[in-house]
Amino acid sequence: MSLTDKAIDRIRDLIQSGELPPGAKLPPEQQLAAELGLSRNLMREAVKALVVARVLEIRRGDGTYVTSLEPELLLSSIGSAVELLHGDTLLELTEVRLLFEPVATGLAATRISPEELAEVERHLDAMRAARDDVERLNKHDAAFHRAVIAATGNATLAALLEGISSRTVRARVWRGLVDDNVAARTVDEHEAIYQALAAGDAPLAQAAALLHVSTTERWLREHLEPSGAVSNHVRNA
């Protein structure tokens, strides 16, 4: 472990112990460095790294503060990391979605409010109207799932799934461009998810979501060429 990593851990310890809770202002650099037994240079490097990780934020002319530490803030960098993945990781991301999203959809069926259900229905209606517009269809496809996951009330789960969605959304766009029959099937699969949510039927909602994500995974496995052509198309979509 580098000296900078050790310095980062020292600051994290203060946050985890509650000595520096969310929203707290850090002591002046020189004072904090002395308290932690660190050089000022190491302190600066540690603070910079924690700012990038969104654990700390620098307010110009005011000082350095601990952020809210909310999941959607701390986990937002997952999406950026996902964008850098190569090779067969597209299939791996789809597998992760297959593991998490059906269960989350089943959970949403037990918690979704009338207002949240109406938001899901709004995106379903938009998908029906966009059958001939792949980009628009997939925009509302992603928003549909985002609304469903939000209905779980689990911010950490929502942030994780949002983080892996960027490349899988582009994969679905590519699929829509090369598969003439995908639009109708996609709308039907989302209709089944919506109906299960409306009925408050968790097992049925989970099964409908499992079928939907499995369809995408199966299509990708069938069309992913050894040369990685699909990944290139998706990356450039």
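Our subject is the structure listed above.
The rules behind each value
Residues numbered from 1 in each chain as written. Predicted model: local features only at pLDDT ≥ 70, side-chain atom pairs only at ≥ 80, totals over all residues. Heavy atoms only, no water. Pairing = 2+ DSSP bridges. Helix = DSSP H or I, 4+ residues; strand = E, 2+ residues; numbered from the N terminus. Expected span 1.5 Å × (residues − 1). Buried < 20%, exposed > 50% of the residue type's maximum accessible area, 1.4 Å probe, protein only. Arc of directions from axis to C-beta. Contact = heavy atoms within 4.5 Å.

Comments concerning the pairing of strand E1 (residues 56-59)
In this structure, E1 lies alongside strand E2 (residues 63-66), joined through four bridges in antiparallel fashion. Counted as the bridge partner of glutamate 57 is tyrosine 65 from E2. Counting the residues in the hairpin turn of E1 and E2 gives three residues, including glycine 61, whose phi is positive at 75°.

Side note on helix H3 (residues 40-52)
Under the 1.5 Å per step criterion, the end-to-end length of H3 is 18 Å for 13 residues, consistent within 8% with the ideal 18 Å. The set of residues buried in H3 consists of Leu42, Met43, Ala46, Val47 and Leu50. Down the axis of H3, the buried set is contained in an arc of 135°. They therefore lie on one face. The outward face of H3, more than 90 degrees from its buried face, is lined by the exposed residues Asn41, Lys48 and Val52. Along its buried surface, H3 packs onto helix H1 (3-16), helix H2 (29-36), E1 and E2. Of the residues one or two after H3, arginine 54 is the one with positive phi, at around 65°.

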